[in-house]
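# Remarks on the overall topology
What follows is the residue order along each chain.
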Amino acid sequence: RRWTGNDAVAVIPVNGEVLKFVAWIDHPDGDENPPHVTVRADSRVIHDGPLKRSAPLLADIPATPGTKRMVIEMSIDRTYRPSDQGSRDRRDLGLSVRDFVWQ
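Residues numbered from 1 in each chain as written. Predicted model: local features only at pLDDT ≥ 70, side-chain atom pairs only at ≥ 80, totals over all residues. Heavy atoms only, no water.

## Concerning the overall build of the protein chain
Applicable threshold: Only DSSP runs of H or I reaching four residues or more are called helices, and only runs of E reaching two or more are called strands; each is numbered from the N terminus. Remark: exposure states derive from per-residue accessible area (1.4 Å probe, protein chains only) relative to the maximum for the residue type, with buried under 20%, exposed over 50%, and partly exposed in between. Note on contacts: a residue pair qualifies if any of its non-hydrogen atoms lie within 4.5 Å across the two residues. Under the counting rule used here, the positive set is Lys and Arg, the negative set is Asp and Glu, and His together with the chain ends is not counted. Where a charge lies is defined by one atom per residue type, namely NZ (Lys), CZ (Arg), CG (Asp) and CD (Glu).
From N to C terminus, the protein chain includes 0 helices and 8 strands. Each helix and strand of the protein chain, ordered N terminal to C terminal, gives the series β-β-β-β-β-β-β-β. For the protein chain, the residues scored as buried account for 34% of the 103 residues in total. Nonlocal contacts in the protein chain, meaning residues at least 24 apart in sequence, comprise 70% of its contacts between residues at least 6 apart. Counting 15 positive and 15 negative side-chain charges, the protein chain places the averaged centre of each group 4 Å from the other.

So, in structure tokens, the structure goes:
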């Protein structure tokens, strides 16, 4: 796998049976031209396709039995820079993820 600046990895402790995963994008054209997003958990594909601004990714990800950590890999094919729209915000925004919540 070739990593780019649009990729992220999180290694989180397993503190339950199911991870309640919530992710979204803020791209202004995200409904008309949704970016391609891939999310994997412990190498299992959770989502691989377009992600619209109006439809966040909601997933219940079961922990792999007997493990103490879960590896979440995330990638997005393009970021959004608010400064391109006249904002003073110079960040590159990609996939936003809510805190990792276990049940």
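## Let's talk about the confidence of the model for the protein chain
What counts here: Scored from 0 to 100, pLDDT records how confident the predictor is in each individual residue.
Looking at the protein chain, pLDDT values average 93 and 95% of them are 70 or higher. The lowest-confidence element of the protein chain is strand β7 (residues 96-97), averaging 94 in pLDDT; the highest-confidence one is strand β4 (residues 44-50), averaging 98.

## Looking at the sheet that holds strand β3 (residues 36-41)
Our working rule: In this analysis, strands are considered paired if DSSP registers two or more bridges between them. Axis angles are defined between N-to-C directions and span 0 to 180 degrees, where every axis is a line fitted to C-alpha atoms and, for a helix, only to the segment in contact.
On the basis of which strands lie adjacent, the open sheet formed by 4 strands has the order β1-β6-β3-β4 and antiparallel pairing. Each edge of the open sheet carries a strand with a single partner, namely β1 (7-13) and β4. When the angles between neighbouring strand axes are averaged without regard to direction, this sheet yields 10°.

## Thoughts on the nonpolar core
Short version of the rule: Only buried residues count toward a nonpolar core, which is a set of Ala, Val, Leu, Ile, Met, Phe, Trp, Tyr and Cys residues joined through side-chain atoms within 4.5 Å.
Core analysis: the largest hydrophobic core is formed by 20 residues, its most contacted members being Leu19, Phe21, Met70 and Ile72. Those elements that place two or more of their residues in this core are β1, β2 (18-24), β3, β5 (57-62) and β6 (69-76). Per element, the largest residue contribution to this core is 4 residues, and it comes from β6. Apart from the residues lying within four places of it in its own chain, the contact partners of Leu19 are Ile12, Ala59, Asp60, Ile61, Met70, Ile72, Phe100, Val101 and Trp102.

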